[in-house]
Amino acid sequence: MSTQIRLRNCAKTFADGTRALAPFDLTIEGGETIVLLGPSGCGKTTILRMIAGLEFSDAGGVISFDGDDVTRQSIEKRRVGMVFQSYALFPNMTVAENVAYGLKVHGVPGKERDARVDAMLEMMHIDMLADRRIDQLSGGQRQRVALARAIAVQPRVLLLDEPLTALDAKLRVRLRTEINALLRKLGITAVYVTHDQEEAMALGDRIVVMQKGEIAQIGTPREIYRKPQNPFVADFVGAANRMTGQMRDGRLHIGAHVFDAVDAFDPRHGAIIDQGAVELYFRADGLSPCDLDEAHFTGRVEAVSYLGERLRLTVSGIGPQAVTIDTHADDVIETGADVHCRVNADRLTVFPAVAAHS
Amino acid sequence: MRRDWKFYSQLGLTIVLCLFIVVPVVMSALAGVTVNVFKGLSSGLTLRWVFEVWDLYAQSILLSLGIAMACLVVTLLAGVPLAYVLVRRPSRMMRLFEELLTLPVAIPGLALALALLITYGGVSGYRSSWLFILTGHVLFTLPFMVRSVAAVMAAMDMKMLEEGAASLGAGFWRRFFGVIVPNAKPGILAGALMVVTLSIGEFNLTWMLHTPLTKTLPVGLADAYASMRLEIGSAYTLIFFVLIMPLLIAMQALADRGKRASRRIDTAEDTL
């Protein structure tokens, strides 16, 4: 029932010659939720707007919904539901009138329209707000109205452009959970744009990580988190610690230490890295504090921050830049102290060093 | 709180200044309903002068109202789409055009009228009809309509509202009349009242453009003061007040309502 979306050879160059998107292919399966994730200016919103019909691909690009070519179709014809960061609700209409607008445009007769509007409002838990004016609503309520309005017309695809960014943290998590449940319940194809890694993980069946107008990686949240395919993705999804090492005959050497159990598969070249200089990316769990006799490295504590359930240390002297390490919240550690730690080799992501393969 | 001499001296000054402005208005209005101004109020009150003005100048007054309405229609039809284009597709050309549009406000009305006369004075049917005056009024009032509507449009993120409506299947005209125009209503109303008020009161342009058969209300007023008894001129002023005051009050009320509406946004609480 739900629509499959295919983008083939799409690219975007703006009038002034800046390339917003390099040519790319992307298939979004029917009923799937795809999250476009990346820093601002990476092109994620441009892809969303291309699917919507608000931007058009450079010549040669083809967009199809379930095999129908919609490349040249305007947004009015595409039957897409859109939810915007700043809501885009009509201030001249009440909540119910906003939700009814699309149905009216599509010529749904009065009685059926009213019933559909009521059902939508109920589903979004805003039925008591039906007669309110938009300027009498909070941000969270407005985004619920926007969702109800977009879904009411039974679109082929739901497009959400940073819908939670304007809300405060607590509300953001709550509405995120609800949107997740809603998308599963409706089984609708959805494209969700965000710059928030946590939001992407929570909502996406698959995540498309974008970097400077190119797709850096496509994968499930687990793949993106555990097996980032390149240093950019690793860094962006939180594995921001870096060490350097050497691969020799399939074994990893860091300084004087040798590690066996390392996943050194390089997905970009489809081969295991056997030899040569490597860069190692890891999260705070890549190193753990220990006693001196078990330690691989000793660093100096530059800063300590208390995160409640754990203590996060910023440590210098281990990687080329300072790395972060977590320890027990109850530990008493002063800035300037020495800290000994072990490498958890299975938590490292190995990339060929930049100089080695360029 | 004890009020000292400073308070009372300031209050006194304020009252004196207000009287300085209000008294002539009252005197003029009273003169219009006094039997004989030179004898004073003791000569008695009468509505005779008001009726006499109506007999003499009804046509000018009606013509003025007609021109104001026609002027409103033209500025609405031209001004609202113009404001839309100015806000929606800003470019250097458009800015230049906006400046050009505002020029008639800065140029003395007499100069503008002279330019119209030099250019079209020879077209006899046009020169002698009320349409000639309408042309002047539209040139003069259009910038006020455009500015007023554009200000509201610029504040409402039209691009996003239109994208929202378009995603729901609405074509251009549907979006324009169903979303853009209703949300620009405060600006359109304010602009409309401004245009009507300016058109009814416009003198110096109109004085140059009018013919004996196309006299408007203010031109008639000048005529009455110049050639009739003082009571008639004053009664004329009275009629002018009665016409223009409701418009001015409506304008003020609209401005207040706009302010109240924008204040309400801050009070919405985040309960969901």
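Residues numbered from 1 in each chain as written. Chains lettered and ligands numbered in written order. Predicted model: local features only at pLDDT ≥ 70, side-chain atom pairs only at ≥ 80, totals over all residues. Heavy atoms only, no water.

### Brief notes about the state of the cysteines
Logical step 1: The final tally for this structure, using the stated rule, is zero disulfides over all chains.
Logical step 2: Free of any disulfide, Cys 290 of chain A has its nearest cysteine sulfur in Cys 341 of chain A, 6.5 Å distant. (Disulfide = S-S within 2.5 Å.)

### As for the nonpolar core
Logical step 1: Phe 90, Val 99, Tyr 101, Leu 121 and Leu 158 of chain A together with Met 153 and Tyr 236 of chain B are the most contacted members of the largest nonpolar core, which has 112 residues in total.
Logical step 2: Counting residues per element, this core draws most heavily on helix α2 (residues 48-88) of chain B, which supplies 16 residues.
Logical step 3: With residues up to four places along the chain from it excluded, the contact list for Tyr 101 of chain A reads Phe 90 and Met 93 of chain A together with Ala 165, Leu 168, Ala 170, Arg 174, Arg 175 and Val 179 of chain B.
Logical step 4: Core analysis: the next-biggest nonpolar cluster, separate from the first, contains 32 residues, Leu 21, Ile 63 and Ala 88 of chain A together with Met 160 of chain B among them. (Core = buried A, V, L, I, M, F, W, Y, C linked by side-chain atoms within 4.5 Å. Buried < 20%, exposed > 50% of the residue type's maximum accessible area, 1.4 Å probe, protein only. Helix = DSSP H or I, 4+ residues; strand = E, 2+ residues; numbered from the N terminus. Contact = heavy atoms within 4.5 Å.)

### So, the confidence of the model for chain B
Logical step 1: Taken over all residues, the pLDDT of chain B has a mean of 85, while the share at 70 or more is 94%.
Logical step 2: Across the whole predicted complex the pTM is 0.81, and at the interface the ipTM reaches 0.83. (pLDDT = per-residue confidence, 0-100.)

### Digging into the pairing of strand β3 (residues 33-37) of chain A
Residues and elements named next belong to chain A.
Logical step 1: Burial analysis of β3 places five of its five residues in the buried class, the great majority of the element.
Logical step 2: Burial along β3 is two-sided: the residues Thr 33, Val 35 and Leu 37 and Ile 34 and Leu 36 are all buried.
Logical step 3: For β3 and strand β8 (residues 189-194), the ladder comprises five bridges, and the chain directions are parallel. Bridging from a neighbouring strand, Leu 36 pairs with Val 193 of β8. (Pairing = 2+ DSSP bridges.)

### Some points on the pairing of strand β11 (residues 241-248) of chain A
All names here are of chain A.
Logical step 1: Direction of pairing for β11 relative to strand β16 (residues 276-282): antiparallel, over a ladder of seven bridges. From the neighbouring strand, Gln 246 faces β16, where its bridge partner is Ala 277.
Logical step 2: Here β11 runs beside strand β12 (residues 251-254); their pairing, made up of three bridges, is antiparallel. Paired with Met 247 across the two strands is Leu 252, which belongs to β12.

### Thoughts on the UniProt feature "transmembrane region" (unreviewed entry) in chain B
Residues and elements named next belong to chain B.
Logical step 1: Mapped onto this numbering, the UniProt entry gives "transmembrane region" (unreviewed entry) at residues 12-38, 58-87, 99-123, 129-155, 176-200 and 235-255.
Logical step 2: In the segment residues 99-123, helix accounts for 80% and strand for 0%; the C-alpha atoms at its two ends are 29 Å apart.
Logical step 3: For the annotated span residues 176-200, helix accounts for 96% and strand for 0% of the residues, and the straight-line distance between the end C-alpha atoms is 30 Å. (UniProt positions renumbered as here; feature names shortened; annotations may be inferred.)

### Here we look at a negative patch on the surface
Logical step 1: Together, Asp 114, Asp 118, Glu 122 and Asp 127 of chain A make up a region of like negative charge exposed at the surface.
Logical step 2: Among the structural elements, Glu 122 of chain A can be located in helix α4 (residues 110-123). (Patch = residues over 30% accessible without salt bridge, like charges linked within 9 Å, V, L, I, M, F, W, Y side chains within 5 Å. Areas by Shrake-Rupley, 256 points an atom, 1.4 Å probe, with all protein chains shown as cover. Salt bridge = Lys/Arg side-chain N within 4 Å of Asp/Glu carboxyl O. Lys, Arg positive; Asp, Glu negative; His and termini not counted. Charge placed at Lys NZ, Arg CZ, Asp CG, Glu CD.)

### A short note on the packing of helix α7 (residues 158-167) of chain B against helix α8 (residues 172-183) of chain B
Residues and elements named next belong to chain B.
Logical step 1: Where α7 meets α8, the closest approach of the two axes is 10 Å, and the angle between their N-to-C directions is 135 degrees. Accordingly, the angle class assigned to the pair α7 and α8 is oblique. The interaxial crossing formed by α7 with α8 has right-handed handedness. Residues Met 158, Leu 161, Glu 162, Ala 165 and Ala 166 of α7 form the contact with α8, whose participating residues are Phe 172, Arg 175, Val 179, Ile 180 and Asn 183.
Logical step 2: Within the contact of α7 with α8, the residues separate by chemical class into seven nonpolar, one polar and two charged. (Axes fitted to C-alpha atoms, helices over the stretch in contact; angles between N-to-C directions. Parallel < 35°, antiparallel > 145°, perpendicular 65-115°, else oblique. Left-handed = near helix turned anticlockwise from the far one by under 90°. Nonpolar A, V, L, I, M, F, W, Y, C, P; charged D, E, K, R; others polar.)

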